Amino acid sequence: MKVAYLIEPPFNFLDASGAVTGCDIELARYVFNQLGIEDVTFVETEFAQLMPGLACDDWQMTTGLFASPERQQHALFSRPIWALPDGLLIRTADGDRIMGYRSLGTSADLQVAVIRDQLQHPTALALGVPPDRFLVFDTYANAAHAVQIGKAHAFASVARAHLGFLQQSDAHDFAIVEIPPDEKPAAFGCFGFAHPATKLRDRVDRALDQFIGGSQHRQLMKRFGFEEEEVDLLGTFGR
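**A look at the sheet that holds strand β8 (residues 112–115)**
Line of reasoning, step 1. Spatial ordering of the open sheet is given by β9-β8-β10-β7-β11, a layout of five strands whose pairing is mixed. The strands lining the two open edges of the sheet, one partner per strand, are β9 (134–137) and β11 (174–178). Averaged over all adjacent pairs, the angle separating strand axes in this sheet is 30°, with direction ignored.
Line of reasoning, step 2. Pairing of β8 with β9, which is carried by four bridges, proceeds in the parallel orientation. Within the sheet, the bridge partner assigned to Val 114 lies in β9 and is Val 136.
Line of reasoning, step 3. Helix α6 (residues 140–148) rests against β7 (86–91), β8, β9, β10 (154–158) and β11 of the sheet, and its axis sits at about 145° to β10.

So this is what it looks like as structure tokens:
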């Protein structure tokens, strides 16, 4: 069993010893332990390769992804494992003019960093950011660096990923703007599987259903900075 991930704390990252960990990784480990699957390899990749790798059987499961209708045409998804809002990583000096996606579109000079194939790109487009304002990167680190050096004014991703980045870096003068719900509400993220892997997805779902929302799950998520209210959002799934 191979599981693909990308470096994006607190979901997936390398600890001080060089071992991969994170809330997605540890949740996957728990599930596989419950299913009796012992031979598991975690494979680091870039975001744009997650879905193609499933199709080519380079790996059989991915880290958490937003299960958009377009992605559901190409992959299967588990029940949600987190529910999170988008966020903008900005320099503190720009905080008075960047309040969300729409504010990026109304200012003529603001450049926006995004990661290739992530959903924040089309979301920002739909909310008025012109196509020529985007800088597309393959990794979180490169997009964040673009903001740090002033090449981009904002980096659109998941607010929780930005918080994880700031907690693990020595970068200063950054701020996080959480996208307001009237622009985009919090969305569910799920493990991804290739379309033929229905039985594996269903087995994973059964293990997740028994675990998510319980005390042990809450303790796991708390280790990686998640608040009780963020875990509670998973209880709205299916309502």
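Resuming the write-up.
**Brief notes about the side chain of Gln 118**
Line of reasoning, step 1. By the element assignment, Gln 118 lies in the loop between β8 and α5 (120–126).
Line of reasoning, step 2. Here Gln 118 falls in the buried class, since its relative accessible area comes to 7%.
Line of reasoning, step 3. Setting aside residues no more than four positions away along its own chain, Gln 118 makes contact with Glu 8, Phe 47, Arg 71 and Ser 157.

Rules behind the numbers
Residues numbered from 1 in each chain as written. Predicted model: local features only at pLDDT ≥ 70, side-chain atom pairs only at ≥ 80, totals over all residues. Heavy atoms only, no water. Pairing = 2+ DSSP bridges. Helix = DSSP H or I, 4+ residues; strand = E, 2+ residues; numbered from the N terminus. Axes fitted to C-alpha atoms, helices over the stretch in contact; angles between N-to-C directions. Contact = heavy atoms within 4.5 Å. Buried < 20%, exposed > 50% of the residue type's maximum accessible area, 1.4 Å probe, protein only.

Function cannot be read off these values alone, since they describe shape.
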